[in-house]
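# Fold and contact review
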Protein chains: 2
Amino acid sequence: MTTYQIAELAELPSRYRGMLLNCFTAPKPAFLVGTRGQDGKDNLAIFSQVFHIGANPFLVGILVRPDVVERHTLRNIEATNVYTLSAVTADMVPQAHQTSAKYPNGKSEFEAVGLAEYRYPDFAAPAVENSPLQMGLELAERIDIKVNGTILIIGAVQWVRFGGEVTEDGFWDAAAQGLVANGGMDSYYPLLAPTRLSYAKP
Amino acid sequence: MTTYQIAELAELPSRYRGMLLNCFTAPKPAFLVGTRGQDGKDNLAIFSQVFHIGANPFLVGILVRPDVVERHTLRNIEATNVYTLSAVTADMVPQAHQTSAKYPNGKSEFEAVGLAEYRYPDFAAPAVENSPLQMGLELAERIDIKVNGTILIIGAVQWVRFGGEVTEDGFWDAAAQGLVANGGMDSYYPLLAPTRLSYAKP
């Protein structure tokens, strides 16, 4: 086992530290966040900090770092109040990852990476047509995190569109739909079939 | 594709809805949170809402639902200011899942489920000895989420202890260490070897 103390972490080279410490919260979900700007330009960006906040109402959070490419996503969400989440499958990984490139103004990432848009009726933000799990969200709460200036965006899910079957007790299998987990910033893990356990009793 | 609108989600039976909507943010990390109470009693609880907040300083967030078994975790963190995260491997799944059972007062989950404690020097909270990724955290910020009353606990990582190798550019492979991803509330996915992509350029 290797051990790092806080002072040793702080001394690691910046890129190496960013990569390593992002690996330490893997496996994480991989979602594409779709938005439409006030200028009508669509945006698509990959996010790995996505998490369930609650089931009633259905709330999902994403963490935004205002200093990187994600700032377009944040600007569009705040301007239009709506956005989508589309889960990333193994087939979509190269295109999904490519959305993190800084494209020159004027070109939407859908067009640049070659992913088709799905448009839910009367919903401004586009989702990814060939993702087996698409959600449309409305901004519910913005939280500015004091310790490091990141921003937590909480959305209330307005609609969900998904492929595959749901079991009698509500289980939906991400592996059967080909979803991947994100590792560090540039790594994607395919999933094996899951183990399901019963409700834990003493 | 199946589509649910917000009103249809609200009408689903409560347990079914909880299971299904938790599946919709999978695959998620699976961590055991270790704490020590002021009475000296250790506590261990499984969490799947764990996420990277930043790398400099290294900050990790966990989402706590105050109405469930996790309330002991929250009480201990607020009393002692420290806690640990230990990543769950395929081998540990049965024991890790079992920590969610409501044990009668007096028995620590380490003892009840049969996981050995690791004690970092001068650090009150216990980690899980046979986890290949253990972190010690100090409470940095508590955020009460208004929309549904859940609580985001952000910790500053004080130490990390991990097995395996790190590549020259800082990549650490969660799959090589046997980590699993959490699905819905009761499902765990083993990981296949990752695909790594290069930094995305237009």
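The present account deals with the structure reproduced in this document. Quick caveat: nothing in here was measured; it's all calculated off a predicted structure.

### Observations regarding the interface of chain A and chain B
With 96 residues of chain A at the contact, the number on the chain B side is 96 residues. Of the roughly 8,200 Å² buried where chain A meets chain B, counting both sides, 64% is carbon and sulfur surface. Between chain A and chain B we count two salt bridges in total. Asp186(B) is the salt-bridge partner of Arg196(A), the closest N and O atoms lying 2.9 Å from each other. When the residues that make up the side of chain A that touches chain B are grouped by side-chain class, the tally is 58 nonpolar, 25 polar and 13 charged. Bridge count for strand β13 (residues 187-190) of chain A against strand β14 (residues 195-196) of chain B is two bridges, and the pairing is antiparallel. Its bridge partner being in β14(B), Ser187(A) is matched across the sheet by Arg196(B).

### Points about the packing of aromatic side chains
If you walk through the whole model with that rule in mind, you get 17 aromatic pairs over all chains. Each ring, one from Tyr120(A) and one from Trp159(A), has its centre 4.3 Å from the other, and the planes form 5°; the classification is stacked. Highlighted residues: Tyr120(A) in the loop between β8 (117-118) and β9 (127-128) and Trp159(A) in strand β11 (residues 151-162), separated in sequence by 39 residues. There is no split in this pair, since Tyr120(A) and Trp159(A) are both buried. Between Phe162(A) and Phe24(B), the aromatic rings sit 5.0 Å apart at their centres with planes inclined by 50°, giving tilted as the arrangement. Of the two residues, Phe162(A) sits in strand β11 while Phe24(B) sits in the loop between α2 (14-23) and β2 (28-29), which places them in two different chains. A residue is classified by how much of its surface remains accessible, and Phe162(A), at 1% relative accessible area, is buried. Taken together, Tyr4(A), Phe24(A), Phe162(B) and Trp172(B) form an aromatic cluster joined through their ring pairs.

### Remarks on unusual backbone geometry
Omega for the peptide link from Ala26(A) to Pro27(A) comes to -10°, which places this bond in the cis form. Structurally, Pro27(A) can be placed in the loop between α2 (14-23) and β2 (28-29). In the segment running from Asn56(A) into Pro57(A), the intervening peptide bond is cis, with an omega of 5°. Here Pro57(A) is to be found in the loop between β5 (50-55) and β6 (58-64). Its identity as a non-glycine residue notwithstanding, Asn81(B) has a phi of 75°, on the positive side. Within the element layout of this structure, Asn81(B) appears in the loop between α3 (71-80) and β7 (82-87).

### Notes on the relation of the copies chain A and chain B
When chain A is fitted onto chain B, the two copies agree to an RMSD of 0.0 Å after a turn of 180° and an axial shift of 0.0 Å. Here the symmetry operator amounts to a two-fold rotation axis. A share of 100% of interface residues in chain A that are also interface residues in chain B marks the association as one of identical surfaces.

### Observations regarding empty space enclosed by the protein
The tally for this structure, following the rule as stated, stands at one cavity of 30 Å³ or more. Counted as a void, the largest cavity has a volume near 70 Å³. Residue lining of the largest cavity: 14 residues in total, with Pro29(A), Val50(A), Phe51(A), Pro29(B) and Val50(B) positioned closest to the centre. Among the elements of the structure, β2 and β5 of chain A together with β2 and β5 (50-55) of chain B are those that each provide at least two residues to the lining of the largest cavity. Tallied by class, residues from the lining of the largest cavity come to six nonpolar, six polar and two charged.

### Quick look at the nonpolar core
The biggest cluster of nonpolar side chains holds 84 residues, and the ones touching the most others in it are Phe24(A), Ile62(A), Met135(A), Phe24(B), Ile62(B) and Met135(B). Beyond its immediate sequence surroundings of up to four residues, Met135(B) is in contact with Phe24(A), Phe31(B), Phe58(B), Val60(B), Tyr83(B), Thr84(B), Leu85(B), Val157(B), Trp159(B) and Val160(B). Listed in part, the 18 residues of the second largest apolar core include Leu59(A), Ile53(B), Ile154(B) and Ala156(B).

### Observations concerning α3(B)
Residues and elements named next belong to chain B. Residues of α3 that are buried: Thr-73, Leu-74, Asn-76 and Ile-77. Mapping the buried residues of α3 onto a view down its axis gives an arc of 165°, with all of them on the same face. In this fold, the buried residues of α3 make contact with β3 (31-36), β4 (42-47), β6 (58-64), β7, β10 (133-144) and β11 (151-162).

### Notes on the pairing of β13(A)
Residues and elements named next belong to chain A. Of the pairings in the sheet, the one linking strand β12 (residues 180-182) to β13 comprises three bridges and is antiparallel in character. What sits directly across from Ala-181, in β13, is Tyr-189. The antiparallel hairpin formed by β12 and β13 contains four residues in its connecting segment.

Cut-offs used in this document
- Residues numbered from 1 in each chain as written.
- Chains lettered and ligands numbered in written order.
- Predicted model: local features only at pLDDT ≥ 70, side-chain atom pairs only at ≥ 80, totals over all residues.
- Heavy atoms only, no water.
- Contact = heavy atoms within 4.5 Å.
- Buried area = accessible area lost by both parts, 1.4 Å probe.
- Salt bridge = Lys/Arg side-chain N within 4 Å of Asp/Glu carboxyl O.
- Nonpolar A, V, L, I, M, F, W, Y, C, P; charged D, E, K, R; others polar.
- Pairing = 2+ DSSP bridges.
- Helix = DSSP H or I, 4+ residues; strand = E, 2+ residues; numbered from the N terminus.
- Phe/Tyr/Trp six-rings, centres within 6.5 Å; stacked < 30°, edge-to-face > 60°.
- Buried < 20%, exposed > 50% of the residue type's maximum accessible area, 1.4 Å probe, protein only.
- Least-squares fit on C-alpha atoms with pLDDT ≥ 70 in both.
- 1 Å grid on protein atoms, 1.4 Å probe; cavity = no way out; pocket = protein on both sides within 12 Å on 5 of 7 lines; lining within 4 Å.
- Points joined across faces, edges and corners; volume = space filled by probe spheres on them.
- Core = buried A, V, L, I, M, F, W, Y, C linked by side-chain atoms within 4.5 Å.
- Arc of directions from axis to C-beta.

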